[in-house]
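What follows is the residue order along each chain.
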Amino acid sequence: KYKILKKEIKEQEKLNKITQNPSIVVTKQMNVFREMLLTSKIKKGNKIIRRNKENYDYFCQEIINKNIKKISIFIRDKNTVPNYLTIILDKDINRFEFSKYLSNKGIQTTWNYYPLHMQKKYIKYYDEKLPNTDYFWNKVISLPFKYPMDFKNMDFIINIIEGFIQEKVIKE
């Protein structure tokens, strides 16, 4: 108890010293030019977010309107801003083949969501099979949709996807 009391007294003495000798803190002010620059970036940021939402929604609606088969889409919640435009490929579409086809047409794709149970660092924690995870990992792929892309770019991607699927159906 004595040690605790002694420690509390020392802390109180430190606080007393601080309040006896207050120092003046000079507040920093933002340069007017920097403030104008920041304001314009915020306005541009809002425009970018709006465009990203519009592109995402446009893509999903066009996939539905064109009744494109062999892919599934995620309809975003209206209050969210998606990071990825991720689609799920049908079981008979090879993700690598699909990605390569799009790449040859100038469309970059991303493979996200690498399952933890497949990563070397975490494999020791999983002793059971995860068939759903394995299935979806091999079927999800993300497409570009963010600013400065516009509806014309989205139409280009949709048409390329449509072309791939038509070629796939014809081969079968």
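Before any of the text, the structure's been laid out above.
Residue positions are given per chain, counting from 1 as you read along its sequence in written order. In keeping with the predicted nature of the model, local features appear solely for residues at pLDDT of at least 70, side-chain atom pairs appear and are counted solely at 80 or more, and the whole-chain, interface and lining totals rest on all residues. Note: side-chain values were computed over all heavy atoms of the structure, leaving out hydrogens and water.

(A) The arrangement of the packing of aromatic side chains in detail. Two rings belonging to Phe, Tyr or Trp (six-membered ring only in the last case) form a pair when the distance between their centres is within 6.5 Å. Interplanar angles under 30 degrees mark stacking, angles over 60 mark edge-to-face geometry, and anything in between is tilted. This model, assessed by the stated rule, comprises seven aromatic pairs. With 5.1 Å between their ring centres and 80 degrees between their planes, phenylalanine 98 and phenylalanine 164 make a pair best called edge-to-face. With phenylalanine 98 in helix α3 (residues 95–104) and phenylalanine 164 in helix α5 (residues 151–171), this residue pair connects regions lying 66 residues apart in the sequence. Looking at phenylalanine 98, the relative accessible area reads 0%, which means it is buried. Between the aromatic rings of tyrosine 114 and tryptophan 137, the centroid separation amounts to 5.1 Å while the plane-to-plane angle is 70 degrees, which identifies the pairing as edge-to-face. You can see tyrosine 114 sitting in the loop between α3 and α4 (131–137) and its partner tryptophan 137 sitting in helix α4, a full 23 residues away along the chain. Only DSSP runs of H or I with at least four residues qualify as helices, and only runs of E with at least two residues qualify as strands; both kinds are numbered from the N terminus onward. Exposed residues in this analysis have more than 50% of their type's maximum accessible area, buried residues have under 20%, and partly exposed residues fall in between, with area computed by a 1.4 Å probe over protein chains only.

(B) The pairing of strand β2 (residues 85–89), seen in detail. Within β2, five of the five residues are buried, which leaves the element mostly enclosed by the surrounding structure. Burial along β2 is two-sided: Leu85, Ile87 and Leu89 facing one way and Thr86 and Ile88 facing the other are all buried. With three bridges connecting them, strand β1 (residues 71–73) and β2 associate as antiparallel partners. Of the residues in β2, the one forming a bridge with isoleucine 71 is leucine 89. Inspection of the sheet shows β2 paired to strand β3 (residues 140–143) by four bridges, in the antiparallel sense. Strand pairing follows a simple DSSP-based rule, namely that at least 2 bridges must link the two strands.

(C) Broad picture of the pattern of salt bridges. For this analysis, a salt bridge means a side-chain nitrogen from Lys or Arg found within 4 Å of a carboxyl oxygen belonging to Asp or Glu. The final tally for this structure, using the stated rule, is six salt bridges. With its nearest N and O atoms 3.5 Å apart, the salt bridge here joins glutamate 162 to lysine 66. You can see glutamate 162 sitting in helix α5 and its partner lysine 66 sitting in the loop between α2 (32–65) and β1, a full 96 residues away along the chain. One salt bridge connects aspartate 90 with lysine 70, and the closest N-O pair in it is separated by 3.8 Å. Placement of aspartate 90 in the loop between β2 and α3 and of lysine 70 in the loop between α2 and β1 is noted, with a sequence separation of 20 residues between them. Here aspartate 90 falls in the partly exposed class, since its relative accessible area comes to 29%.

(D) Molecular detail of the nonpolar core. Note on terminology: a nonpolar core comprises buried Ala, Val, Leu, Ile, Met, Phe, Trp, Tyr and Cys residues joined through side-chain atoms within 4.5 Å. Judged by nonpolar contacts, the single largest core of 26 residues is most densely connected at Phe59, Ile71, Ile87, Phe98, Leu102 and Ile161. Of all the secondary structure elements, the ones that give two or more residues to this core are α2, β2, α3, β3 and α5. Tallying contributions element by element places α5 first for this core, with seven residues. By definition in these notes, contact holds between two residues if any of their heavy atoms fall within 4.5 Å. Residues contacting phenylalanine 59, with those up to four places away along its chain left out, are Ile73, Leu85, Ile87, Leu143, Met154, Ile157, Ile158 and Ile161.

(E) Seen up close, unusual backbone geometry. In this structure, the amide linkage connecting tyrosine 147 to the following residue, proline 148, adopts the cis form with an omega of 15 degrees. Here the phi dihedral of asparagine 67 falls at roughly 55 degrees; this positive angle occurs in a residue that is not glycine. Examined against the element boundaries, asparagine 67 turns out to sit in the loop between α2 and β1. A positive phi angle is found at lysine 70, which is not glycine, with a value near 80 degrees.

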